[in-house]
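Take a look at the letters that make up each chain.
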Amino acid sequence: MSDFYHEGSRGLQDRFDTRRLADRIEQRLVVAQIGDADKAFIESLDMFFLATADDANQPSCSYKGGEPGFVRVVDPVTIAFPNYDGNGMFLSMGNVAQNKRVGMLFIDFERQRRLRLSGEASVAFDDPLRAAYPEAQFIVRVAVTHVFPNCPRYIHRYRLVERSSFVPKSGCETPVPNWKKSDWATDVLPENDPARQK
């Protein structure tokens, strides 16, 4: 019995006669380590989607963006990425504090390729990689459990027009987002937030 699929997956596989196909995909494509080609793919991207859930199984999905290569493959079973200033809600990272299981979806919309990765995440405020990411609040490391490609046929083709100017960069002042200048936000921003100085 596969530990990759659960009864919900198996029930639908049996209903649509895809159990054999699902088993073959697991045997051939699902791995527990990041290979060289997947490493190059992950480190070439400037965004991914992160799925988390709290201890009551309330899910959350968030977009994470940065400069190309902001997600690093530290070794075949570990990836790391920075957490930058956001809206202060910490929904995803708060979930990680309660439930370490995460899912990550990497998509290249121009080359129409995608990769799924799952594992267990941890947050480190004193991670040595933090120095490599200007303005990072902390580093998230994910201990990989499964890596597998996804069929690209439904990926819409998009072209990059412009990367966000809000991604922190060395030697460049990060602009303050407009929402931090709004009346509803200015009086509740953290004391050390750069927007308070503007």
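Preceding block: the structure.
Residues numbered from 1 in each chain as written. Predicted model: local features only at pLDDT ≥ 70, side-chain atom pairs only at ≥ 80, totals over all residues. Heavy atoms only, no water.

What about the environment of valine 31?
Looking at the secondary structure, you find valine 31 in the loop between α2 (19-29) and α3 (36-44). Linking valine 31 and valine 167, residues 136 residues apart in sequence, is a C-alpha distance of 32 Å. Ignoring any residue separated from it by four or fewer positions in sequence, one finds valine 31 in contact with Thr145, His146 and Val147. (Helix = DSSP H or I, 4+ residues; strand = E, 2+ residues; numbered from the N terminus. Contact = heavy atoms within 4.5 Å.)

With respect to the environment of alanine 132
Inspection of the secondary structure assignment puts alanine 132 in the loop between β6 (113-124) and β7 (138-150). Residue alanine 132 is classed as partly exposed on the basis of its relative accessible area, which comes to 40%. The spatial distance from the C-alpha of alanine 132 to the C-alpha of aspartate 46 is 16 Å, given a sequence separation of 86 residues. (Buried < 20%, exposed > 50% of the residue type's maximum accessible area, 1.4 Å probe, protein only.)

Overview of the nonpolar core
One recurring pattern in soluble globular proteins: nonpolar side chains tend to sit buried together. Judged by nonpolar contacts, the single largest core of 30 residues is most densely connected at Ile79, Phe81, Met104, Phe106, Leu117 and Val142. When residues of this core are traced back to their parent elements, those giving at least two are α3, β1 (47-53), β4 (78-83), α4 (91-98), β5 (101-108), β6 and β7. The biggest single contributor to this core is β7, with 6 residues. Apart from residues lying up to four places away in sequence, phenylalanine 106 is in contact with Phe41, Ile42, Leu45, Met47, Phe48, Val71, Ile79, Arg113, Arg114, Leu115 and Leu117. (Core = buried A, V, L, I, M, F, W, Y, C linked by side-chain atoms within 4.5 Å.)

Some words on the sheet that holds β1
Sheet architecture is open: 7 strands sit in the order β2-β1-β5-β6-β7-β4-β3, paired in antiparallel fashion. The sheet terminates laterally at β2 (59-65) and β3 (72-75), the two strands that pair on one side only. Neighbour-to-neighbour, the strand axes of this sheet turn through a mean angle of 35 degrees, independent of strand direction. Of the pairings in the sheet, the one linking β3 to β4 comprises 3 bridges and is antiparallel in character. Within β4, the residue paired with valine 73 across the bridge is isoleucine 79. (Pairing = 2+ DSSP bridges. Axes fitted to C-alpha atoms, helices over the stretch in contact; angles between N-to-C directions.)

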